[in-house]
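Each chain, letter by letter, is given below.
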Amino acid sequence: MKLYVYPNDNLASLKAYEIVKKALLNKKNSLLGLATGSTPLKLYDLMIKDYKKGIISYKEVKTYNVDEYIGLEESHDQSYRQFMNCNLFNHIDINIKNIYFPKGVGNINKNIKEYDKTLESLGAADIQILGIGSNGHIAFNEPGTSFDLKTHVTNLSPSTIKDNSRFFLRRDQVPTSAITMGIKSILKAKKIILLAFGENKSNAIKKLLEEEVTEDFPASALKDHPDVIIICDSDAAKKIKYN
Ligand code: F6R
């Protein structure tokens, strides 16, 4: 794993964008794995800005997302699909047919099988963007989840529900489960960029860098991947030693 630490999330997001931009310039039909949450927002802004300047086109790009809440329709304003529409897809020239998302409503067992089939047929992502939960989750693989799982339903941990509640008016509106890609599928990406900003991620970053691989700390699975780039701001890196 390579680690980059920047004084703030603007510069850290710029570093992530430079890597994404290079990939998109090299390969117009890149496959990007995407995450939601507050962490990648500045990266998505930079993607939109360069698209608007005519520097990058997403016409041939395909994307898949790592997770979706159970029980929220795509059109729900807090669904992850809406999040991606509002914060990226609606502002770039991506073909809607090239956007892949797990479905959190309807026949969930069928949705799981279908998403695994979709991911299989898309092949390895050129770049997978990830955030990290304060408890070390990646996508919604919560502590204790087998690294061998593919797409599955997960009960969100109390700390994740608390973290996510900032986006909902009332705590009882926060979904308690999600459909998520498994770690096995996430690790198939050719390159993984994990972003971590803010002091509340500092324990997770310390554990990721200093402790052993264990299913109790899902992000540690990344240690077994050959091309992982961790990009932090100085707050997230405050508990580790770096140059
Ligand atoms: C969301 C996802 C989650 C988030 C993580 C961090 O699609 O995959 O693993 O990346 O919960 O969330 P933020 O960025 O809001 O701190």
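Since we're looking at a predicted model, the values are computed, not measured.

> Got a minute to help me understand unusual backbone geometry in this structure?
Glycine aside, the phi torsion of most residues is negative, and most peptide linkages are trans. Its identity is not glycine, yet alanine 139 carries a phi of approximately 45 degrees, on the positive side. Residue position: alanine 139 is located in the loop between strand 6 (127-130) and strand 7 (152-155). Residue alanine 139 is classed as buried on the basis of its relative accessible area, which comes to 9%.

> How should the packing of helix 2 (residues 41-52) against helix 3 (residues 80-87) be read in this particular structure?
Packed helix pairs are specified by the crossing angle of their axes together with the interaxial distance, meaning the distance between the axes. Here helix 2 crosses helix 3 at 45 degrees, and the two axes come no closer than 10 Å. In terms of orientation, helix 2 lies oblique with respect to helix 3. In this structure, helix 2 contributes Leu41, Tyr44 and Ile48 to the contact, and helix 3 contributes Phe83, Met84 and Asn87. A per-class count over the contact of helix 2 with helix 3 returns 5 nonpolar, 1 polar and no charged.

> Can you help me understand the nonpolar core in this one?
Soluble, globular proteins show a tendency: their nonpolar side chains are buried together. If you look at the biggest cluster of nonpolar residues, it comprises 41 residues, and the most contacted ones within it are Val20, Leu43, Met47, Tyr58, Leu88 and Ile193. Of all the elements in the fold, those that place two or more residues in this core are helix 1 (9-26), strand 2 (31-34), helix 2, helix 3, strand 6, strand 9 (192-196) and strand 10 (228-233). Element by element, the count of residues in this core is highest for helix 1, at 7 residues. Apart from the residues lying within four places of it in its own chain, the contact partners of methionine 47 are Tyr17, Val20, Leu32, Tyr58, Leu88 and Ile92.

> Before we go on, may I ask you to explain the confidence of the model for the chain in this structure?
On average, residues of the chain carry a pLDDT of 97, and 100% of them reach 70 or more. Per-element averaging of pLDDT across the chain places helix 5 (residues 158-164) at the bottom with 91 and strand 9 at the top with 99.

> Before we go on, may I ask you to explain the packing of aromatic side chains in this structure?
Applying the stated criterion across every chain yields a total of 4 aromatic pairs. Between tyrosine 69 and tyrosine 80 the ring centres are 4.5 Å apart and the planes differ by 35 degrees, which places this aromatic pair in the tilted class. Of this pair, tyrosine 69 sits in strand 4 (residues 67-69) while tyrosine 80 sits in helix 3, and the two are 11 residues apart along the sequence. Judged by its relative accessible area of 1%, tyrosine 69 is buried. For tyrosine 80, a relative accessible area of 8% puts it in the buried group. Consider the rings of tyrosine 69 and phenylalanine 140, whose centres lie 6.4 Å apart with planes at 25 degrees: the pair is stacked.

> What's the story with helix 4 (residues 108-122) in this structure? I'm lost.
In this model helix 4 runs 21 Å from its N-terminal to its C-terminal C-alpha over 15 residues, within 8% of the 21 Å that 1.5 Å per residue would give. For helix 4, every residue scored as buried is listed here: Ile108, Asn111, Ile112, Tyr115, Asp116, Leu119 and Leu122. Here the buried residues of helix 4 occupy an arc of 135 degrees about the axis, which is enough to place them on one side. Turned more than 90 degrees away from the buried face of helix 4, the exposed residues are Asn109, Lys113, Lys117, Glu120 and Ser121. In this fold, the buried residues of helix 4 make contact with strand 2, strand 3 (62-65), strand 5 (99-100), strand 7, strand 8 (177-180) and helix 6 (183-186). The N-cap of helix 4, judged by a side-chain oxygen 3.2 Å from the amide nitrogen of asparagine 109 a few residues on, is asparagine 107.

> Would you explain the environment of lysine 62 in this entry?
Note that lysine 62 resides in strand 3. Taking the C-alpha atoms as reference points, lysine 62 and lysine 191, 129 residues apart in sequence, are found 16 Å from one another. Other than its neighbours up to four places away in sequence, lysine 62 contacts Ser30, Leu31, Leu32, Asn98, Tyr100 and Leu122.

> Would you explain the site of the ligand in this entry?
Close contacts around the ligand come from 13 residues, with Thr39, Asp67, His137, Ala139 and Lys201 the closest. One of the side-chain N or O atoms of aspartate 67 is found 2.6 Å from an oxygen atom in the ligand. Classifying every residue of the shell around the ligand by side-chain character gives 4 nonpolar, 6 polar and 3 charged.

Here is what the cut-offs are and how they apply
- Residues numbered from 1 in each chain as written.
- Predicted model: local features only at pLDDT ≥ 70, side-chain atom pairs only at ≥ 80, totals over all residues.
- Heavy atoms only, no water.
- Helix = DSSP H or I, 4+ residues; strand = E, 2+ residues; numbered from the N terminus.
- Buried < 20%, exposed > 50% of the residue type's maximum accessible area, 1.4 Å probe, protein only.
- Axes fitted to C-alpha atoms, helices over the stretch in contact; angles between N-to-C directions.
- Parallel < 35°, antiparallel > 145°, perpendicular 65-115°, else oblique.
- Contact = heavy atoms within 4.5 Å.
- Nonpolar A, V, L, I, M, F, W, Y, C, P; charged D, E, K, R; others polar.
- Core = buried A, V, L, I, M, F, W, Y, C linked by side-chain atoms within 4.5 Å.
- pLDDT = per-residue confidence, 0-100.
- Phe/Tyr/Trp six-rings, centres within 6.5 Å; stacked < 30°, edge-to-face > 60°.
- Expected span 1.5 Å × (residues − 1).
- Arc of directions from axis to C-beta.
- Polar contact = N/O pair within 3.5 Å; in protein donor to acceptor, adjacent residues only side chain to side chain.
- Near = heavy atom within 4 Å.

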